[in-house]
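Observations on the model geometry
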Amino acid sequence: MPVYFDHNATSPMHPQVADALIPFLQNPTGNPSSLHSYGRMARSAVESARAEVAMLLGCSSDDVIFTSGGTEANNLLLKGFVEQQCDSPIVSSEIEHPSIIEPLMQLRSDGYDVILLKPDQNGVVDLEAASSVLTGVTPQLLSIIYANNETGVIQPLEALSTMVDHESCLIHSDATQAVGKIPINLSQPGIDAISFSAHKLGGPQGVGALVIRRKPNRLLISGGDQENKRRGGTENVAGIVGLGKAVQIARLEMEQKQHHLEKLRNAFEAGLQSIPDSVIFGQRVARLPNTTYFALPYYHGETLLMELDRAGFALASGSACHSAVTEPSHVLKAMGVDDSLALNAVRVSFGMQNKLQEVEMLVTKLQQLVNKLPAVVRRVAV
Ligand code: PMP
């Protein structure tokens, strides 16, 4: 199997997470709402996971709503917490994940005023432009991605939060790529709510959380009284146990993880410099320690991906395929990157089990692929 370099898409389950959750799949697991001892055991496991989330994020356990992942958490936030029949705008950005953009488009078609802030050429939400857009505006919600999933660029949330009135505006961040990779503390002023997902930090797929102190105005999933009446349905006990373990490991190993990932990323980017005309998006600004989003001007992103997959490396392309047409990334488009260069974008995202030697092998492979191209192709690209 190829070396896995696509941790922003999903990360392999940490062995300790598997050990923690497997018993909850194998043995009779009670329903956390049941009163018998099986039910109480399941309830206690769910509540321990909730406490782990609170410990990592500096919030109260009561604020944690378990969901089926980042997408559901973002949808719950946008559909459940916006004020109904309210003229105050909802402010977000052009570089959000589709699980924010798509619900926002639904809200817009329902008549809400949705304002999308623009990023600068480095992929950072442009503070000057934001300040002029937000002057005289009283948003009800500001939702900005914590760190972008493609570029890894960390957004200026603190500065943006000073541009809105905290009394009337709920400040949310989709922190799906950031939780477990960089420290986030909700006890500091600035952010009221975040979404995240277990499978981005070594937990299982299909489980995540919205962390928020308020009660929703409307439920996304109604049914039983689970999650303190904020999300109906029997809890995914094994998934939540896995999330709790992943979050605990992230808290205990954060520094070590950041150090390892940065070492890999820096080695990769140093190697990439040796390839003429290579471009690293957002290179000059603060990014996640594990992400490099790059392009070789003479290689279409998908072609490069397939070449690398054949050579034993699994990376991600920045473009999306819609009805057999390849579209450049909306994030790069928003950053003002030319479509032709954006179509060449490839993302590498490292994880804890990656080794420096694997990174060096990837760089060597890229150098070989480029050297194999006829000189004329490379000249044209310059
Ligand atoms: N937000 C961001 C920034 C993401 O990267 C992802 C996953 N690609 C999601 C939300 C959605 O998370 P999930 O896969 O858990 O639904």
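Let us look at the structure shown here. (Residues numbered from 1 in each chain as written. Predicted model: local features only at pLDDT ≥ 70, side-chain atom pairs only at ≥ 80, totals over all residues. Heavy atoms only, no water.)

**Overview of the sheet that holds strand 9 (residues 279–280)**
For the record, the criterion: A strand pair is defined by DSSP finding two or more bridges across the two strands. What counts as a helix is a DSSP run of H or I of at least four residues, what counts as a strand is a run of E of at least two, and both are numbered from the N terminus. Any two residues having at least one pair of non-hydrogen atoms within 4.5 Å are treated as being in contact. Under this scheme, a helix contributes an axis fitted over its contacting stretch, all axes are lines through C-alpha atoms, and angles between N-to-C directions fall in the 0 to 180 degree range.
Spatial strand order, 9-10-15-12: four strands in an open sheet with antiparallel pairing. Taken across any chain shown, the strands that pair with only one partner, and hence form the sheet edges, are strand 9 and strand 12 (316–317). In terms of strand pairing, strand 10 (residues 291–295) meets strand 15 (residues 345–349) through five bridges, oriented antiparallel. When the bridges of strand 15 are listed, Ala-295 appears paired with Ala-345. Taken strand by strand, helix 9 (residues 301–311) contacts strand 10, strand 12 and strand 15, and its axis lies near 45° from that of strand 15.

**Comments concerning the site of the ligand**
For the record, the criterion: If even one non-hydrogen atom of a residue comes within 4 Å of a molecule or strand, that residue is called near it. Think of a polar contact as two N or O atoms within 3.5 Å of one another; within protein, one of them needs to be a possible hydrogen donor and the other a possible acceptor, and neighboring residues in sequence only count if both atoms come from side chains. Shrake-Rupley sampling with a 1.4 Å probe provides the accessible areas, and residues are treated as covered by the protein chains on show and by no other component. In this classification, the charged set is Asp, Glu, Lys and Arg, the nonpolar set is Ala, Val, Leu, Ile, Met, Phe, Trp, Tyr, Cys and Pro, and all remaining amino acids, among them Gly, are polar.
Surveying the vicinity of the ligand reveals 14 residues, the closest of which are Thr-71, Asp-174, Gln-177, Ser-197 and Lys-200. Take Asp-174: an N or O atom from its side chain is 2.7 Å from a nitrogen atom of the ligand. Take Gln-177: an N or O atom from its side chain is 2.8 Å from an oxygen atom of the ligand. Contact with the protein chains hides 85% of the accessible area of the ligand, taken as 400 Å² for the molecule alone. Ranked by the residues each element gives to the shell around the ligand, the list is headed by helix 3 (residues 70–81), at three residues. Of the residues belonging to the shell around the ligand, the class tally is one nonpolar, eleven polar and two charged.

**Notes on the pairing of strand 7 (residues 193–197)**
Quick reminder of the rule: For each residue, the accessible area found with a 1.4 Å probe, counting protein chains only, is set against the maximum for its type, and the residue is called buried under 20%, exposed over 50%, and partly exposed in between.
Most of strand 7 sits inside the fold, with five of its five residues counted as buried. Side-chain alternation along strand 7 places Ala-193, Ser-195 and Ser-197 on one buried face and Ile-194 and Phe-196 on a second face that is also buried. Where strand 6 (residues 170–174) and strand 7 come together, three bridges link them in parallel fashion. Its bridge partner lying in strand 7, Asp-174 is registered against Ser-195. With five bridges joining them, strand 7 and strand 8 (residues 208–212) adopt antiparallel strand pairing.

In short, shape yes, function no, at least from these values alone.
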